[in-house]
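# Observations on chain architecture
The chain contents come next:
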Amino acid sequence: MSIFELFIQSFPRLMDGLWITLSTTLISLAIAAVLGLTFGLMLVSNSKILRGIAIVYVSIIRGTPIIVQAFFIYFGVPNATGIRLTAVTAGIITLSLNAGAYTAEIVRGGIQSIPKGQMEAARSLGLTKTLAMRKVILPQALRIMLPSIVNQCIITLKDSSILSVIGLAELTQTGRLIIANNFESFKMWIIIAIMYMIPILILTRISKEIERKLKVGQN
Amino acid sequence: MAKIEVKNLKKSFDNLEVLKDIKLDVEEGEVICIIGPSGSGKSTMLRCLNALEEATGGTIVIDGNDITDNHGNIDLYRRNIGMVFQQFNLFPHMSVKENIMLAPTSLKLMSKKEAEETALLLLDRVGLKEKADAMPTELSGGQQQRVAIARALAMHPDVMLFDEPTSALDPEMVGEVLNVMKQLAQEGMTMVVVTHEMGFAREVADRVIFIDDGYIVEEGPPEEVFNNPKHERTKNFLNMVL
């Protein structure tokens, strides 16, 4: 069977897998954006407590493999609490917490890269710290953060394949199941690889376009 | 009552004591120029006046309110105290006009239309009306600093603080900024100016203050301080800069 025929034959199942991969990733990234902004702001906060909480969160996530995080959330948490999670829920929680921590670091770096004079100028005009953050610091920081954020999106999309270990029927897991039936592992993994590459290439392209537009806007 | 009353002001950074015991009254409408060697504490003192630096000790009373006691809302005091920085600190992601409109609109003190009218009026005053829609990076240093002055004025402050406003400028642009400041002084604005421009201080200041090593060493009318300095340290400093 040619690779093309194989693709046509497995098309419905591959599309289901791709859908799970993309939707899980997108939902996780949306949650991670909120987590990243919140914990990123906490990392640059004046309050030692808030900073401490954020540092602990980021350290735990960065210090442990995502596969251990997935096992902990899918098997560990239900074992202790009795609350059973579906693979989808556990997968989304894992990816969100993981990407959220890295995004927090990106947000911290972006904010800290803005010269101190910007905050001082805004505050000297009477703006509250919150307003100064929102109107002056974050819009500038976002431009600087953009390449790293896109990079994080790509990493999260690829990391979602790890969720196959908890049985989530995403693209990688779908590939494994198909191969278990037809033994076409060489061709199937090429198909799977290409299916990951396409959305990632599109994402890269979009980010280049946004970066170009922002540069024009800023002169 | 003086507009600003500073008593026993002390400021340390970790173990470094930058301001040791500053006493200063600023009267309404007065123009004060602060001179002194680098590292003498003059910028730190200025930055204490709008709490960009938190005083380690002493009191700073503005219009009868002590801004060092943490009871009042510092953001409200700051609305009445404009500040101009050495590095301009314009917001690079906003046009000139938007820079000026930001504070009045986001603090809901003016409608967008009012703020825009104010911005254009102020830009006209600093001679940059035609640059309203330019981005800060398209302007020269002197133009950026004049926009920064207009931005501070948009809040209708009672006091303007200038932190070495011409030190980062190319020599040929110093004059245009000093002229705007001179005009402001003539209109009766209360001003505290940290500067190395002795000519400006001599011409415009009502009072010149010489700070060295965290203390006010000498103060008085410009002709007195410049022509008849009493202290050895003032003489030495003036000999080096004049």
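Here we come to the packing of aromatic side chains. In total, this model carries 5 aromatic pairs over all chains according to the counting rule given. Relative to F11 of chain A, the ring of F7 of chain A has its centre 5.6 Å away and its plane inclined at 80°; by these criteria the two rings are edge-to-face. Here F7 of chain A pairs with F11 of chain A, and both are found in helix α1 (residues 3-43), just 4 residues apart, close to one helical turn. In this structure F11 of chain A comes out as partly exposed when scored by relative accessible area, which is 36%. Every member of this aromatic cluster is reached through a ring pair, and the members are F71, Y74 and F75 of chain A. Just above the ring of F13 of chain B sits the side chain of K11 of chain B; from NZ or CZ to the centre is 4.8 Å. Directly above the aromatic system of F91 of chain B lies the positively charged group of R151 of chain B, at a separation of 4.3 Å from the ring centroid.

Residues and elements named next belong to chain A. Residues I3, F4, I8, F186, I190, I194, I198, I202, I206 and I210 make up a contiguous nonpolar surface patch of about 950 Å² in total accessible area. Counting only elements with at least two residues in the nonpolar patch, the list comes to α1 and α8 (185-218). Among the elements that take part in the nonpolar patch, α8 stands out by supplying 7 residues, more than any other. Tracing the backbone through its elements, the reader meets I198 in helix α8.

Roughly 860 Å³ of volume is contained in the largest pocket. Residue lining of the largest pocket: 32 residues in total, with N46, M119, R123 and K129 of chain A together with L52 of chain B positioned closest to the centre. Contributions of two or more residues to the lining of the largest pocket are made by α4 (87-112), α5 (116-124) and α6 (129-159) of chain A together with α1 (42-49), β4 (57-62) and α2 (74-79) of chain B. The dominant element in the lining of the largest pocket, judged by the number of residues it contributes, is α5 of chain A, at 4 residues. Class assignment for the residues of the lining of the largest pocket results in 15 nonpolar, 7 polar and 10 charged. Space inside the second largest pocket adds up to approximately 260 Å³. For the lining of the second largest pocket, the secondary structure elements donating two or more residues are α1, α4 and α6 of chain A. Looking at the lining of the second largest pocket, the element that brings in the most residues is α6 of chain A, giving 7 residues.

Note on pairing: side chains with opposite charge can pair once their charged atoms come close. Counting across every chain of the model gives 23 salt bridges over all chains. Note that K3 of chain B and D158 of chain B form a salt bridge whose closest N and O atoms lie 3.2 Å from each other. On the criterion of sequence distance, the pair formed by K3 of chain B in the segment before β1 (4-13) and D158 of chain B in the loop between α5 (141-153) and β7 (159-163) is long-range, its members being 155 residues apart. Under the relative-accessibility criterion, K3 of chain B is labelled buried at 7%. The salt bridge partner of K182 of chain B is E203 of chain B, with a shortest N-O separation of 3.4 Å. Of this pair, K182 of chain B sits in helix α6 (residues 171-186) while E203 of chain B sits in helix α7 (residues 198-204), and the two are 21 residues apart along the sequence. Its relative accessible area of 55% is what places E203 of chain B among the exposed residues. One network of salt bridges, in which partners are shared, links K116 and E120 of chain A together with R47 and E53 of chain B.

This next bit is on the sheet that holds strand β6 (residues 81-84) of chain B. Residue and element names in this part refer to chain B. Strand order across the open sheet formed by 6 strands is β6-β7-β8-β3-β9-β10, with mixed pairing between neighbours. Of all the strands in the sheet, the pair left with one neighbour each is β6 and β10 (215-220). Across the sheet, the mean angle separating the axes of adjacent strands is 15° when strand polarity is ignored. Where strand β3 (residues 31-35) lies against strand β8 (residues 190-194), 4 bridges are found, and the strand directions are parallel. Within β8, the residue paired with V31 across the bridge is M191. Sitting on the sheet, α1 touches β3, β6, β7, β8 and β9 (207-212), and the angle it makes with β7 is about 150°. Here α5 sits on the sheet in contact with β6 and β7, set at roughly 170° to β6.

Conventions used here
- Residues numbered from 1 in each chain as written.
- Chains lettered and ligands numbered in written order.
- Predicted model: local features only at pLDDT ≥ 70, side-chain atom pairs only at ≥ 80, totals over all residues.
- Heavy atoms only, no water.
- Phe/Tyr/Trp six-rings, centres within 6.5 Å; stacked < 30°, edge-to-face > 60°.
- Helix = DSSP H or I, 4+ residues; strand = E, 2+ residues; numbered from the N terminus.
- Buried < 20%, exposed > 50% of the residue type's maximum accessible area, 1.4 Å probe, protein only.
- Lys NZ or Arg CZ within 6 Å of the ring centre and 35° of its normal.
- Patch = residues over 30% accessible without salt bridge, like charges linked within 9 Å, V, L, I, M, F, W, Y side chains within 5 Å.
- Areas by Shrake-Rupley, 256 points an atom, 1.4 Å probe, with all protein chains shown as cover.
- Salt bridge = Lys/Arg side-chain N within 4 Å of Asp/Glu carboxyl O.
- 1 Å grid on protein atoms, 1.4 Å probe; cavity = no way out; pocket = protein on both sides within 12 Å on 5 of 7 lines; lining within 4 Å.
- Points joined across faces, edges and corners; volume = space filled by probe spheres on them.
- Nonpolar A, V, L, I, M, F, W, Y, C, P; charged D, E, K, R; others polar.
- Pairing = 2+ DSSP bridges.
- Axes fitted to C-alpha atoms, helices over the stretch in contact; angles between N-to-C directions.
- Contact = heavy atoms within 4.5 Å.

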